[in-house]
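For reference, the chains in residue letters:
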Amino acid sequence: MEQKIHQGRNVKRFREMLNIKQEALAYDLGEDWNQKKISMLEQKDVIEDNLLKQISAVLKIPVEAFQNFDEEQAINIISNTFGDNACVGNPNSTFNFSPIEEIKKLHEEKIALYERMIKEKDEMMARLEKLIK
């Protein structure tokens, strides 16, 4: 049994992903729109093509995304693609990270900074003594 795509729910999902309130979408769609009308629109299974094109232009999302996105299919693809040891990017990646080496590196940087500060202080003191004499 084929499941229908709920276009209104897709509009809501994408709007929420973009962090856009219903009032803002209504404002962008024109004077005929308000928050309540957007709420009712998001409950519709099928939205007229010309209206989908307007929403697409406002949200900058292709019309096809509203018409074809199916959350269950996306979840199935993700769950079947990624296993427990999944790694995005190169699946054969190895991470060589030693916390102790990082701490040593930070300590050495701190010592070098401290030595530079002492050198600058000594140079400044020499200049001041020169000015005083």
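Below is a summary of the structure that appears in this document. (Residues numbered from 1 in each chain as written. Predicted model: local features only at pLDDT ≥ 70, side-chain atom pairs only at ≥ 80, totals over all residues. Heavy atoms only, no water.)

### Notes on the packing of aromatic side chains
Working step 1: The final tally for this structure, using the stated rule, is two aromatic pairs.
Working step 2: Between phenylalanine 14 and phenylalanine 69, the ring centres sit 5.6 Å apart and the planes meet at 65°, which makes this aromatic pair edge-to-face. With a gap of 55 residues between them, phenylalanine 14 in helix 1 (residues 7-17) and phenylalanine 69 in the loop between helix 5 (63-68) and helix 6 (71-81) connect regions that are remote in the sequence.
Working step 3: Accessibility expressed as a relative area gives 27% for phenylalanine 69, which makes it partly exposed.
Working step 4: Among the aromatic side chains, those forming a connected cluster through ring pairs are Phe14, Phe66 and Phe69.
Working step 5: Between the NZ or CZ atom of lysine 37 and the centre of the ring of tryptophan 33, over which it lies, the distance is 4.5 Å. (Phe/Tyr/Trp six-rings, centres within 6.5 Å; stacked < 30°, edge-to-face > 60°. Helix = DSSP H or I, 4+ residues; strand = E, 2+ residues; numbered from the N terminus. Buried < 20%, exposed > 50% of the residue type's maximum accessible area, 1.4 Å probe, protein only. Lys NZ or Arg CZ within 6 Å of the ring centre and 35° of its normal.)

### Some remarks on a nonpolar patch on the surface
Working step 1: There is a patch of nonpolar side chains on the surface, built from Met124, Met125, Leu128 and Leu131 and spanning about 420 Å² of accessible area.
Working step 2: Structurally, the position occupied by methionine 124 is in helix 7 (residues 99-132).
Working step 3: Given a relative accessible area of 44%, methionine 124 falls into the partly exposed group. (Patch = residues over 30% accessible without salt bridge, like charges linked within 9 Å, V, L, I, M, F, W, Y side chains within 5 Å. Areas by Shrake-Rupley, 256 points an atom, 1.4 Å probe, with all protein chains shown as cover. Salt bridge = Lys/Arg side-chain N within 4 Å of Asp/Glu carboxyl O.)

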